[in-house]
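Coordinates in review
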Amino acid sequence: MATEWNYVVTAHKSTAVSRSCVGNFTAPHHLNLIVAKCTRIEIYLLTPQGLQLMFDVPLYGTIATLELFRSHSEAQDFLFIGMERYRYCILYWDGRQLLTRSGGDASHFGGRPTDNGQIGIIDLHHRLIGLHLYDGLFKVIPFDNQGQLKEPLNIRLQELLLLDIKFLYGCEIPTVAVLYQDNKDARHVRTYEIALEAKEFVEGSWSQNNLDNGARLLVPVPLGGVIIIGEDTIVHWSSTTFKSLSINQAIIGAVGRVDPDGSRYLYGDNTGSLHLLVITQERGRVTDLKTHYMGETSIASTISYLDSGLVYIGSQFGDSQLIKLNNQADASGSFVEILEQYMNIGPIVDLCVVDLERQGQGQVITCSGAHKDGSIRAIRNGIVITNQASVQVQGIKGLWSLKTSLNDQYDTFLVVTFINEARFLAMNKENELAETDIEGFDSETQTLVCGSAIHNQLIQVTANSVILVSSTSRDLLDQWFAPTGFSINVAAANASQVLLATGGFHLVYLEITNSKLVEVKHIELEHDISCLDINSVGENPQSSSLAAVGMWKDISVRIFSLPGLQLNWKEKFAEVVPRSVLLCTIEEVSYLFCGLGDGHLFSFVLNISKCELSARRRFSLGTQPISLCKFSSHNRTHVFAASDRPTLIYSSDKKLLYSYVNLKEMSHVCPFNTAVSPESIAIAKEAELSVGAINDFRKLHIHTIPLDEQARRICYQEQSRTLAFCSFRDKDIHTESETHFVRLLDHQTFGFLSTHTLDTFEWGCSIVSCSFSDDENSYYCVGTAYVLPMENEPTKGRILVFLVENGKLQLIAEKETKGAVYSLNAFNGKLLAAINQQIRLYKWVQRDDRSHELQSECSYHSDVLPMYTQTRGDFIVVGDIMRSLSLLVYKHDEGLIEYKARDFNTSWISAVEMLDDDIYIGADNCCNLFTVRESETHVGRLDVIGEYHLGDLVNRLQHGSLVKHHTRSLVGKYPTAIFGTISGAIGVIASIPSNLHMILEKLQSILAKSIKSVGNLSHAEWRSFYNVRRTSVARNFMDGDLIELFLKLSPSHKLAVAMAMGVDVDKLCLLVEELADLH
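A brief structural summary. (Residues numbered from 1 in each chain as written. Predicted model: local features only at pLDDT ≥ 70, side-chain atom pairs only at ≥ 80, totals over all residues. Heavy atoms only, no water.)

1. A look at the overall build of the protein
Heads up, the condition is: Segments assigned H or I by DSSP are reported as helices when at least four residues long, segments assigned E as strands when at least two residues long, and all are numbered from the N terminus. As a reference, a globule follows 2.2 Å times the number of residues to the power 0.38, and the radius of gyration itself is taken over C-alpha atoms. Exposure categories follow from relative accessible area, calculated using a 1.4 Å probe and restricted to protein chains: below 20% of the type maximum is buried, above 50% is exposed, and the middle band is partly exposed. Any two residues whose heavy atoms approach within 4.5 Å are treated as being in contact. Note on areas: Shrake-Rupley, 1.4 Å probe, and residue coverage restricted to the protein chains presented here. As used throughout, the charge tally considers Lys and Arg to be positive and Asp and Glu to be negative, leaving His and the chain termini uncounted. Here the site of a charge means NZ on Lys, CZ on Arg, CG on Asp, or CD on Glu.
Looking only at helices and strands, one finds 5 helices and 87 strands in the protein. The C-alpha atoms of the protein give 33 Å as radius of gyration, which agrees with the globular expectation for 1079 residues (31 Å, within 12%). Along the first, second and third principal axes, the C-alpha atoms of the protein reach 105 × 85 × 65 Å. In the protein, which comprises 1079 residues, the proportion classed as buried is 58%. Within the protein, contacts between residues separated by at least 24 positions form 49% of all contacts whose residues are at least 6 apart in sequence. Surface accessibility of the protein: about 44600 Å² in total, with carbon and sulfur atoms responsible for 47%. When the 93 basic and 123 acidic side-chain charges of the protein are each reduced to a single mean position, those positions are 3 Å apart.

Next up, the structure:
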């Protein structure tokens, strides 16, 4: 059940790069790359190994402009950032932290925001900053003698449709070149000197009329003048020269200077081609322009030349790249060598949330990227284990890896035990795993525990005895036998100690010495023992001072001290017996983990000196008993919980994280580190033994299916287990228009199964998987539009009905429409379509020949242009391109769609979803989220009950979750929706109860005050609802990104926040950790 209170948090940060710059920011000798990604900046250091990320800095604002500059008296650069909501700041690095030098507000009451995007420029002699934020207005912020910013002032611009503006080099008076378009669509450039005292522009001596109609960028040149970038020409223009160069028609989106003197520039176009522009000059005069094709990259939004041929290509449409420009071309004629790719899933045009593996955990499948960089991305929460080798084996009861010496880098043996035997595998000279003998070990009975021991020894525990052998000769050194009449039931061992549970409730402690096993202590307990562990959690990695013991009858776990076996702590559980215990230190924090027989896992923080347990946490990992195993990867300790839902436990910022893996039920696991498969794990399943590798520990894993075209709409069909999407390929010299397709993908391999090519000028606009009444089949329904060059709005479209047969799309029926089919929804066994200004309902009718057709049942004439529809029961929510949200209802008896209510605010909707029967959420083109519900006091009105500025444009909202339901008992109560944005962010919206909202509202307020913001920007102002007509305080939405920063605070800072809240710090940590598990 949704509520009017919502928690909004980012599950995957923005990845699209809009701006970048290069300079000496963190130190005079550092070469830094600074990258803008929506509301964050990333600061990199160029090292011999490549780009190293130093800082990832969130900001309370969407970045519009980013520039580095240096005052004359400084040794390193300052960073100027301008925000979309007109705040600006100057940042610097003091050697320890990022600090704010100055900032301010550049908004202008009554100004009309520019449609062509904000422009921020800095005078090349660092005398002033210029901002073009509003049509007909240029804001100037001068520097004083100390390099501080003075009060902004406004200068009127007579050019209303300004395309670009840049400061020029070598001018005594600050001078700008202005590229603009007149009311006849002709493009011109002229220069102005800035008269600060008079607050006006003084027209300069340069001007050039009637440029290339595609002219869109200006690039000031240190040699003098400016480069004008068009679609067909590149021009160098100054007061004394005019040089023009014809180029192949393309839209150039990014230009980067190579040489300080401006003699070479790199530019990238909308096809991903990278070119080098060379400017030749004699005696300070430009004499020629030449361009050279360098190779193909992602479609560049920004180009930053670093050093020694290294170039950063930042992209909003594909993966960003670090490339090297080679002196010699390769076999394909390219000078470009891609050194590293930085994944970008933006812009997310559409998405669907599906459980492809039927394990209760959603994956997000997105239509990402644009043009030739378009792709399908499959995004899942969890750890990916790559299978490296496997063999079919039945009945495995345990796995252990052994080293010849504890100091060896790699494991030598893998021990596999069965109910009546044990097998020993070893790496041979060919680096293959082959069966071998360990003569001193007992291979004819089940092994309970096996391990490497001190003094180059190996230990094996069976039901009858403990065996110590030499790891080099493999001969038997010593053997300890269980007391007469009793067998060993449970055992645990480390490099120097063995702990045994025998019949008769006995607990026996042995120590391993050189060639000897020594019984040190023997006690009798009151109940049978279910599990043991003596992993080291102290300073000595080869021995433990504590033992964890799980008990059958009283359902408890106990902590005993070693060697005396004194009981120090007892922790009771409710009903289910502990089946596996593990002592472990992760990120310098000691834990006790306890896996129960019903798939629940408990974790405790262990105080070693006091032998006390605290911070008890409970998790539901599955339904079967859990087996715990510790292993190391990349010098970090992790825990694997094997069960019917295998889970990896790791730590980040001293917070435990739980991630499911991409494998199904497994019974046992152990580390297995070999030269062939370093840092791998051995895995026992019901009928298989395999070796797998964990590539990394990201919570979100992304699989990319490159398309070389742009996907627009996607959906999943459960019956056929396929994905279908609408896509298009840009027109080329062989086609008169874009070519549009409907394509079918396999749900597991994402391989292409089938393609249906649409008609010329026909675009795929919508797609849905739909089942009709009295028809057991599931169909893909595709809505199209004929986009003709002579029409402002499509007047013709089609609804195509496909059936998947033998992995192929079969066109079953088609219905012509009088307009574009912008949206389709399955609706009570029928099909609901938004067609131009109408909402129309179709039913599935059988003809006399037993074929089917779509037949119109009823329609409703909507507002301006209904682009988005969502349904729930008989209700329909419509998102209009201008008229916000409206609510319709279908009357079954009358066969009519009727108006019920609407939001009377003006909003350009970009996405809509029904959170439940009563509450609906919309996203608008001003990067806001808002919720509405039917008014209790005004008939026919939807009241706005929640408002929030996200700072990113949402293209799709859909119910679903990235995590398995009921991962923790509290989280499972919160219904969630997923959203995808133009910058490549994926977020989660969770409906929360009123009492939790009140707690989080107080916590958010305290954190906003106690965590110092970068740029001295206001959190309350940043999250306030904003459009060109009004601004209002955010309400009934909580900022999860801010709230979860609590987990990264120092212990003293956490305690101060908890005291201000008036709550226990551990309880507050637990609450925020549970919220973090929403993603």
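Right, picking up where we left off after that structure.
2. Overview of the pattern of salt bridges
Rule in force here: Here, a salt bridge means any Lys or Arg side-chain nitrogen found within 4 Å of an Asp or Glu carboxyl oxygen.
Counted under the stated rule, the structure contains 43 salt bridges. A salt bridge links E42 to R40, with the shortest nitrogen-to-oxygen separation between them at 2.7 Å. Taken individually, E42 and R40 each receive the classification buried, so the pair is uniform in this respect. A salt bridge links R729 to E709, with the shortest nitrogen-to-oxygen separation between them at 2.8 Å. Linking R729 in strand β63 (residues 722-729) with E709 in the loop between β61 (700-706) and β62 (710-717), this pair joins segments that are 20 residues apart in sequence. Residue class for E709 comes out buried when judged on its relative accessible area of 1%. It is possible to trace a salt-bridge network through shared partners that takes in K13, K37, R40, E42 and D56.

3. A short note on the pairing of strand β53 (residues 612-620)
Here is the rule we go by: What makes two strands pair is DSSP finding at least two bridges between them.
Alignment of strand β52 (residues 600-607) against β53, held across 7 bridges, turns out to be antiparallel. Bridged to H600 within β53 is S620. Linking two consecutive strands that pair antiparallel, namely β52 and β53, is a turn of 4 residues; a positive phi of about 55 degrees is found at C611 within it.

4. A word on a nonpolar patch on the surface
The line we're drawing: Candidates for patches are residues over 30% relative accessible area with no salt bridge; among them, like charges are joined within 9 Å and nonpolar side chains (Val, Leu, Ile, Met, Phe, Trp, Tyr) within 5 Å.
Taken together, V864, M882 and W908 make up a surface patch of nonpolar side chains, about 230 Å² in accessible area. Mapped onto the elements, W908 comes out in the loop between β77 (896-902) and β78 (909-914). W908 sits in the partly exposed class, given a relative accessible area of 37%.

5. Structural notes on the side chain of D319
The criterion, for reference: What qualifies as a polar contact is a pair of N or O atoms within 3.5 Å, subject to a donor-acceptor requirement within protein and to the restriction that residues adjacent in sequence count only when both atoms come from side chains.
Looking at the element boundaries, D319 is found in the loop between β27 (310-314) and β28 (320-325). Of the residues examined, D319 reaches a relative accessible area of 15% and is grouped as buried. Within the structure, the side chain of D319 is placed 2.9 Å from the backbone nitrogen of N344, a separation counted as a polar contact. Here the side chain of D319 touches R377 through a polar contact of 3.1 Å, side chain to side chain. Residues contacting D319, with those up to four places away along its chain left out, are S298, Q341, Y342, M343, N344 and R377.

6. Considerations on the packing of helix α1 (residues 994-1010) against helix α5 (residues 1065-1076)
Heads up, the condition is: Axis definition: a line fitted to C-alpha atoms, limited for helices to the stretch in contact. Angles are taken between N-to-C directions and run from 0 to 180 degrees. Orientation is classified from the angle alone, with under 35 degrees giving roughly parallel, over 145 giving roughly antiparallel, 65 to 115 giving roughly perpendicular, and any other angle giving oblique. Ten residue types, Ala, Val, Leu, Ile, Met, Phe, Trp, Tyr, Cys and Pro, are classed as nonpolar, four, Asp, Glu, Lys and Arg, as charged, and the remainder, Gly among them, as polar.
Two numbers describe how α1 lies on α5: the axes approach to 13 Å, and their chain directions differ by 105 degrees. Here α5 runs roughly perpendicular to α1, going by the angle between their axes. In contact with L996, I999, L1000 and L1003 of α1, α5 contributes L1068, L1071, V1072 and L1075. In terms of residue class, the contact of α1 with α5 is made up of 8 nonpolar, no polar and no charged.

7. Notes on a negative patch on the surface
On the surface, a cluster of negative charge is made up of E435, D437, E439 and D475. Relative to the elements of secondary structure, E439 occurs in the loop between β37 (433-436) and β38 (447-453).

8. Considerations on the sheet that holds strand β10 (residues 119-122)
In spatial order, the strands read β10-β11-β12-β13; together these 4 strands make up an open sheet with antiparallel pairing. With one partner strand each, in any of the chains shown, β10 and β13 (153-156) form the two edges of the open sheet. For this sheet the average axis-to-axis angle between neighbouring strands, irrespective of direction, equals 25 degrees.

9. Digging into the nonpolar core
Formally: Here, nonpolar core means buried Ala, Val, Leu, Ile, Met, Phe, Trp, Tyr and Cys residues that are tied together by side-chain atoms lying within 4.5 Å of each other.
Formed by 63 residues in total, the largest nonpolar core has its most connected members in Y7, I41, L79, I81 and L1000. Considering every element that reaches this core, the biggest residue donor is α5, with 6 residues. Among residues more than four places away in sequence, those in contact with L79 are C21, F25, I34, I41, L66, E67, L68, C89, I90 and L91. If you look at the next biggest cluster of nonpolar residues, it comprises 19 residues, including V537, C594, L596 and C611.

10. Concerning the sheet that holds strand β57 (residues 655-660)
Pairing within the open sheet is antiparallel, and its 4 strands lie in the order β54-β55-β56-β57. Of all strands in the sheet, those bounded by a partner on one side alone are β54 (627-633) and β57. On average, each strand axis in the sheet is inclined to that of its neighbour by 30 degrees, with strand direction left out of account.

11. Structural notes on the state of the cysteines
Going by this rule: The disulfide criterion is simple: two cysteine sulfur atoms within 2.5 Å.
As enumerated under the stated definition, the model contains 0 disulfides in all. Here C352 is not disulfide-linked; the sulfur of C715 is the nearest cysteine sulfur, at 7.0 Å. Owing to a relative accessible area of 5%, C352 belongs among the buried residues under this scheme. With no disulfide of its own, C450 lies 10 Å from the sulfur of C670, the closest cysteine sulfur.

12. Observations concerning the environment of T462
With respect to the helices and strands, T462 occurs in strand β39 (residues 457-462). Sequence separation between T462 and L448 is 14 residues; the distance between their C-alpha atoms is 5.3 Å.

13. A few points about α1
Here is the rule we go by: Each residue after the first adds 1.5 Å to the expected span of a helix.
The end-to-end C-alpha distance of α1, which contains 17 residues, comes to 24 Å, matching closely the 24 Å that a straight helix rising 1.5 Å per residue would cover. Turning to α1, its buried residues number three or more, namely L996, H997, L1000, L1003, Q1004, I1006 and L1007.

14. A word on the environment of Y86
Here Y86 is to be found in the loop between β7 (78-83) and β8 (87-93). When neighbours within four sequence positions are excluded, Y86 is seen to be in contact with G104, D105, A106, S107, P113, Q118, L133, Y134 and Y1026.

15. Quick notes on the packing of α1 against helix α4 (residues 1051-1061)
Packed helices, taken two at a time, are described by the angle their axes make and the gap between the axes. Rules: Throughout, a crossing is termed right-handed when the near helix is turned clockwise from the far one, and left-handed when it is turned anticlockwise from it by less than a right angle.
Interaxial distance between α1 and α4 falls to 10 Å at its minimum, and their mutual angle equals 130 degrees. Classed by the angle they form, the pair α1 and α4 counts as oblique. Every pair of crossing elements has a handedness; the one defined by α1 and α4 is right-handed. For the pair α1 and α4, the contacting residues are I999, K1002, L1003, I1006, L1007 and S1010 in the first and H1053, V1057, A1060 and M1061 in the second.

16. Examining unusual backbone geometry
For the peptide bond that leads from G346 to P347, omega is -10 degrees, which places it in the cis range. Topologically, P347 is positioned in the loop between β29 (336-342) and β30 (348-354). A cis amide bond links L562 with the next residue in sequence, P563, at an omega value of 10 degrees. Following the sequence through the fold, P563 ends up in the loop between β48 (556-561) and β49 (566-572). Despite not being glycine, N456 has its phi angle at roughly 55 degrees, a positive value. Along the polypeptide, N456 turns up in the loop between β38 and β39. Given the relative accessible area of 34%, N456 is considered partly exposed. Even without glycine at this site, F750 takes up a positive phi of about 60 degrees. Mapped onto the secondary structure, F750 falls in the loop between β64 (739-746) and β65 (752-757).

17. Focus: the packing of aromatic side chains
Our working rule: Stacked, tilted and edge-to-face are the three classes applied to pairs of Phe, Tyr and Trp rings, where Trp contributes its six-membered ring and a pair requires centres within 6.5 Å; stacked means planes under 30 degrees apart, edge-to-face means over 60, and tilted covers the rest. Counted as over-ring charges are cases with an Arg CZ or a Lys NZ within 6 Å of the ring centre that also lie within 35 degrees of the ring normal.
A full pass over the atoms with the stated rule returns 24 aromatic pairs. Between the aromatic rings of Y86 and Y134, the centroid separation amounts to 4.9 Å while the plane-to-plane angle is 25 degrees, which identifies the pairing as stacked. Here Y134 lies in strand β11 (residues 128-134) and Y86 lies in the loop between β7 and β8, a separation of 48 residues in the sequence. For Y86, a relative accessible area of 7% gives the class buried. Where F424 meets F441, the ring centres are 5.7 Å apart and the plane angle is 55 degrees; that geometry is what we call tilted. You can see F424 sitting in strand β36 (residues 422-427) and its partner F441 sitting in the loop between β37 and β38, a full 17 residues away along the chain. Linked through ring pairs, F69, F78, Y92 and F143 together constitute an aromatic cluster. Here the guanidinium or amino end of R743 rests over the ring plane of F741, the centre of that ring lying 4.1 Å away.

Any functional reading would require information that these geometric values do not contain.
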